[in-house]
Amino acid sequence: MANTKESNETVQRAELHRKIWAIADNVRGAVDGWDFKQYILGILFYRFISENMTEFFNKAEHEAGDLKFNYADISDEEAKEDFRAGTVEDKGFFILPSQLFENVVKTARTCVLENSELVEKFEPNLEKIKLLDGLLLHITAKADENSEFDCISRSFAPKLDVAEDPVCGSGHCHLVPLWSDKLGKNEIVAFQASKRTGILYCKLDKEKNRVSLSGKAVLFAVSEIFI
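Bear in mind the structure is a predicted one, so any value in this text is a computation, not a measurement.

*Asks:* Where do I start with the pairing of strand E6 (residues 198-205) in this structure?
*Replies:* A regular strand carries its side chains on alternate faces of the sheet. Side-chain alternation along E6 places Gly198, Leu200, Cys202 and Leu204 on a buried face and Ile199, Tyr201, Lys203 and Asp205 on a face that remains uncovered. In the sheet, strand E5 (residues 187-192) pairs with E6 via six bridges, with the strands oriented antiparallel. Looking across to E6, one finds that glutamine 192 is bridged to glycine 198. Here E5 folds back onto E6, and the loop between the two strands holds five residues, one of which, threonine 197, carries a positive phi near 70°.

Have a look at this one:
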């Protein structure tokens, strides 16, 4: 029975790796397949354990009566003093609030350029981008007057070994509120001007502080992560 389970896991792992390689080669094109696989799985795992840690502390505090508590909002100093002790023993890991996925993503840098042509023709100096604070750099501009889009953007993440992200979902979680304020509308049609290009249909829910994204996509992988 154990051998059958291990065999199934091996087959599933091999299939997952095959799909990631295929997508890297056929969809990403310019990105090495192995680097792409490591990047995607690393980001997925990082986000998962960040959300797992936040949920772990939030549940405990909410059950204790503090319904407004959110671990992601407290200081690193408070986390070290009140939450660190025993957490590694209980969960096997500990993440400071400033290092949670949702807070790291907030440090992405966004530059608003004068027009869409500047965005399209921008030639990034990846070494200089690495010197900036944050993990990502987004450049964006209002789309041309006769365009079917509201805004245009490109995203660069050399610190993550990704020269340019073809379509950056997390980036538009920053860009949509920005353009919503500038354009006075909550529904934004965004164009990502990467080599591959992409169109995102975005909606901002200001009451829930949520951005919904939709568009054409390719199934990347189906998997389970156990901690």
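*Asks:* Just checking my understanding: could you explain the pairing of strand E7 (residues 210-214) for this structure?
*Replies:* Alignment of E6 against E7, held across five bridges, turns out to be antiparallel. By the bridge assignment for E7, lysine 203 is matched with serine 212. Taken together, E6 and the strand that follows it, E7, pair antiparallel across an intervening segment of four residues, in which asparagine 209 is found at a positive phi of about 55°.

*Asks:* Before we go on, may I ask you to explain the nonpolar core in this structure?
*Replies:* The nonpolar side chains of soluble globular proteins are, as a tendency, buried together. Grouped together as the largest cluster of nonpolar side chains are 14 residues, with contacts concentrated most on Met53, Phe57, Tyr71, Phe83 and Phe94. In terms of residues, this core owes the most to one element, helix H2 (residues 33-63), which gives three residues. Setting aside its immediate chain neighbours within four residues, methionine 53 contacts Tyr71, Thr87, Lys91, Phe93, Phe94 and Ile95.

Definitions and limits used
- Residues numbered from 1 in each chain as written.
- Predicted model: local features only at pLDDT ≥ 70, side-chain atom pairs only at ≥ 80, totals over all residues.
- Heavy atoms only, no water.
- Buried < 20%, exposed > 50% of the residue type's maximum accessible area, 1.4 Å probe, protein only.
- Helix = DSSP H or I, 4+ residues; strand = E, 2+ residues; numbered from the N terminus.
- Pairing = 2+ DSSP bridges.
- Core = buried A, V, L, I, M, F, W, Y, C linked by side-chain atoms within 4.5 Å.
- Contact = heavy atoms within 4.5 Å.

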